[in-house]
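The chain contents come next:
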Amino acid sequence: MTLGTQAQTVTVRVPGKINLGLSVGPLREDGYHELSTVYHAVSLYDTVTVQPSDSWSVHASGPWGEEVPTDERNLALVAARTLAKRRARKAKVHPVRIDIDKHIPVAGGMAGGSADAAATLVGCRELWGLDHLENDLLEMIAASLGSDIPFLLHGGTAIGSGRGEHVTSVLARGELHWVLWAGEGLTLSTPEVYAECDRLREAAGETPAAPQPGGALMTALRRMDTDEVAAALHNDLQEAAISLQPVLAEALAAGLDLGARAGLVSGSGPTVAFLVGSQTEAIDLSVGLAANGPTGDIVRAVGPAPGAQIIHQRTSPEPTRARPDTDRPGPLGPVIG
Ligand code: C5P
C-alpha cells in the first residue's frame, strides 16, 4: 500500500448575492416562477469547514450563527448527504461535520443558506476525493437543491434564467460598492414573498409577461458606470417584500436621503442593498444609516466577488488499517456504501 495524503479538513469561502435585476414571470406548474435575473456576488462571506466525523452534523457560529437551523432541514447538511448519494459507485464517503461561520444574513434574501450548500458541495467533493465529478454534474446537483445554488458555485455577475438555476456570465469590468442593511430580527420567507407578488398582481389585474433580462442594465454593467447601474436596478419582488415588511420602505428612504445612488431590496428580502460610488461614500452612508436609519446590521461590501472557493485544507498521511481483515471502522468513522 502506498502512503498517500488525504484531506482531513477543507475550508471553503462563499459569498452572498444580491440581484441587480429581478423580473418575475408567471407561476409555473411546478410551483416556481419563471424568472430573469442578474445575480451579483458580493464580498460578504460565510466560511464553511467540512471534516470527517462519526455522524452527520452541522454547527454554526459568527454574527448570524444563532439563527441557523442545525437540524435535518439545514441545506448544507442536505447538500452533503445528496452528494454522498450521487457519488460514483466506487467512491467511499464518510459522514461529515460541517462548521459554518455565518456572516450572510439568515432568511435575508442574500441566498445565505444556498451559499452554505454550495460551499459544502465544493468542500465535500474535495474531502471525499470525488475529483472525477464534473462541474456540470455538481451544478446539476446544486440546481436540484435550490434555484440560487448554481450561481453561488459560479460567483461574479451572471444572468439567471429558468427558475434561476441556469447561469450565464455577464461581462462586467470594475467594481461596485454596496452598503447592506439587514433589519434587526427581520426575516421574510421566500415562498411568501413570491405568493404576495402574485396576489398584488392579481389584485391589480396584471398578467405577467415572459421575463426578459434588462438591456439598460446590461449596457450599464458593460460600462460599469455607477449612476447608469443605479438607474437600471430593478426588483419585481420589492413591492411584495415591502407589503409584508413596511419598515423596508423606511430603510430605503433613509438610505436615499443619506446620499445612496440607489437602493433596492435584495431578492425576496428583507436585506436592502444601497449602491454608492466609492469606499468613502460607503463609509459615510453606513455611519449615517447607523445614526439615522431604522435599527439593523449595516455592512459594506464590494462586488463582483468570486464563487465558492477552497481557501484552506489540512491533509494527513492516509491512515493504514491496524486490522485490515476486519470491518472495524477506521479513524474516519464508518464508511457509507
Ligand atoms: O429554489 P429555492 O428552494 O430557493 O426556492 C424557494 C421557494 O421560492 C420555492 O419553493 C418557491 O416558492 C419560490 N420560488 C419561486 N420561483 C423561483 C424561485 C423560488 O416561486 N424562480
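Residues numbered from 1 in each chain as written. Predicted model: local features only at pLDDT ≥ 70, side-chain atom pairs only at ≥ 80, totals over all residues. Heavy atoms only, no water.

Draft legend 1. Structural context of the nonpolar core. Of all hydrophobic cores here, the largest spans 72 residues; its most connected members are Leu-83, Ile-98, Leu-121, Trp-128, Trp-178, Leu-180 and Leu-221. Residue-level mapping places this core at the junction of two domains, with at least three residues from each of domain 1 (5-171) and domain 2 (176-303). Apart from residues lying up to four places away in sequence, Leu-83 is in contact with Leu-121, Cys-124, Arg-125, Trp-128, Leu-130, Leu-133, Leu-138 and Ile-141. Residues Leu-35, Tyr-194, Ala-241 and Ala-251 belong to the second largest nonpolar core, which totals 25 residues. (Core = buried A, V, L, I, M, F, W, Y, C linked by side-chain atoms within 4.5 Å. Buried < 20%, exposed > 50% of the residue type's maximum accessible area, 1.4 Å probe, protein only. Domains from an automatic or database assignment. Contact = heavy atoms within 4.5 Å.)

Draft legend 2. Broad picture of the layout of surface pockets. The space that makes up the largest pocket amounts to roughly 990 Å³. If you go around the largest pocket, you meet 44 residues; those closest to its centre are Leu-75, Ala-111, Ser-114, Asp-148 and Thr-190. Among the elements of the structure, strand S1 (5-27), strand S2 (33-52), helix H1 (75-86), helix H2 (112-127), helix H3 (135-145) and helix H5 (190-203) are those that each provide at least two residues to the lining of the largest pocket. A domain split of the lining of the largest pocket shows at least three residues from each of domain 1 (5-171) and domain 2 (176-303). (1 Å grid on protein atoms, 1.4 Å probe; cavity = no way out; pocket = protein on both sides within 12 Å on 5 of 7 lines; lining within 4 Å. Points joined across faces, edges and corners; volume = space filled by probe spheres on them. Helix = DSSP H or I, 4+ residues; strand = E, 2+ residues; numbered from the N terminus.)

Draft legend 3. Local environment of the domain arrangement of the protein. The domain boundaries assigned to the protein delineate domain 1 (5-171) and domain 2 (176-303). Measuring from the centre of the C-alpha atoms in domain 1 to the corresponding centre in domain 2 gives 23 Å. Counting residues at the interface gives 32 residues for domain 1, matched by 37 residues for domain 2. Taken together, the two surfaces of domain 1 and domain 2 that pack against each other cover about 2700 Å², and 65% of this comes from carbon and sulfur. When the buried area of domain 1 at its contact with domain 2 is split by residue, Leu-20, Leu-22 and Val-24 rank highest and sum to 21% of it. Remark: the boundary between domain 1 and domain 2 carries 0 salt bridges. Joining domain 1 to domain 2, the criterion identifies 13 residue pairs in polar contact (both at pLDDT 80 or more). Where the side of domain 1 that touches domain 2 is concerned, the elements lending two or more residues are S1, S2 and strand S5 (157-161). Among the elements that line the side of domain 1 that touches domain 2, the one with the most residues is S1, at 11 residues. Considering only residue class, the side of domain 1 that touches domain 2 consists of 19 nonpolar, 11 polar and 2 charged. (Buried area = accessible area lost by both parts, 1.4 Å probe. Salt bridge = Lys/Arg side-chain N within 4 Å of Asp/Glu carboxyl O. Polar contact = N/O pair within 3.5 Å; in protein donor to acceptor, adjacent residues only side chain to side chain. Nonpolar A, V, L, I, M, F, W, Y, C, P; charged D, E, K, R; others polar.)

Draft legend 4. Molecular detail of H1. Between the first and last C-alpha of H1 there are 16 Å, a value that for 12 residues agrees with the 16 Å anticipated at 1.5 Å per step. Taken as a whole, H1 has its buried residues at Ala-76, Leu-77, Ala-79, Ala-80, Thr-82, Leu-83 and Ala-84. Next to the buried residues of H1 lie strand S3 (57-61), strand S4 (96-101), H2 and H3. The N-capping residue of H1, defined by a side-chain oxygen 2.8 Å from the backbone nitrogen of Ala-76, is Asn-74. (Expected span 1.5 Å × (residues − 1).)

Draft legend 5. Looking closely at the environment of Ala-76. Within the secondary structure, Ala-76 sits in helix H1. Take Ala-76: its relative accessible area is 1%, and that puts it in the buried class. Spatially, the C-alpha atoms of Ala-76 and Ala-115 are 8.5 Å apart, while their sequence positions differ by 39 residues.

Draft legend 6. Local environment of the sheet that holds strand S10 (residues 272-276). In space, the 4 strands of this open sheet follow the order S9-S10-S7-S11, with antiparallel pairing throughout. In the strand order of this sheet, the two ends are held by strand S9 (262-265) and strand S11 (296-303), each with one partner. Each strand of the sheet is rotated relative to its neighbour by a mean of 25 degrees, with strand direction disregarded. Against the sheet, helix H10 (residues 279-292) touches strand S7 (176-183), S10 and S11, its axis set at about 170 degrees to S11. (Pairing = 2+ DSSP bridges. Axes fitted to C-alpha atoms, helices over the stretch in contact; angles between N-to-C directions.)

Draft legend 7. Just unusual backbone geometry, in detail. In this model, Gly-269 is joined to Pro-270 through a cis peptide bond whose omega is 5 degrees. Here Pro-270 is to be found in the loop between S9 and S10. Each neighbour pair has its own omega, and for Gly-303 with Pro-304 the value is 0 degrees, a cis peptide bond. Not every positive phi belongs to a glycine, and Ala-107 is a case in point at roughly 50 degrees. Within the fold, Ala-107 resides in the loop between S4 and H2. Assessed through its relative accessible area of 38%, Ala-107 is described here as partly exposed. If you check the backbone angles, Ala-111 has positive phi at about 60 degrees while not being a glycine. Following the sequence through the fold, Ala-111 ends up in the loop between S4 and H2. The exposure class assigned to Ala-111 is buried, which follows from its relative accessible area of 10%.

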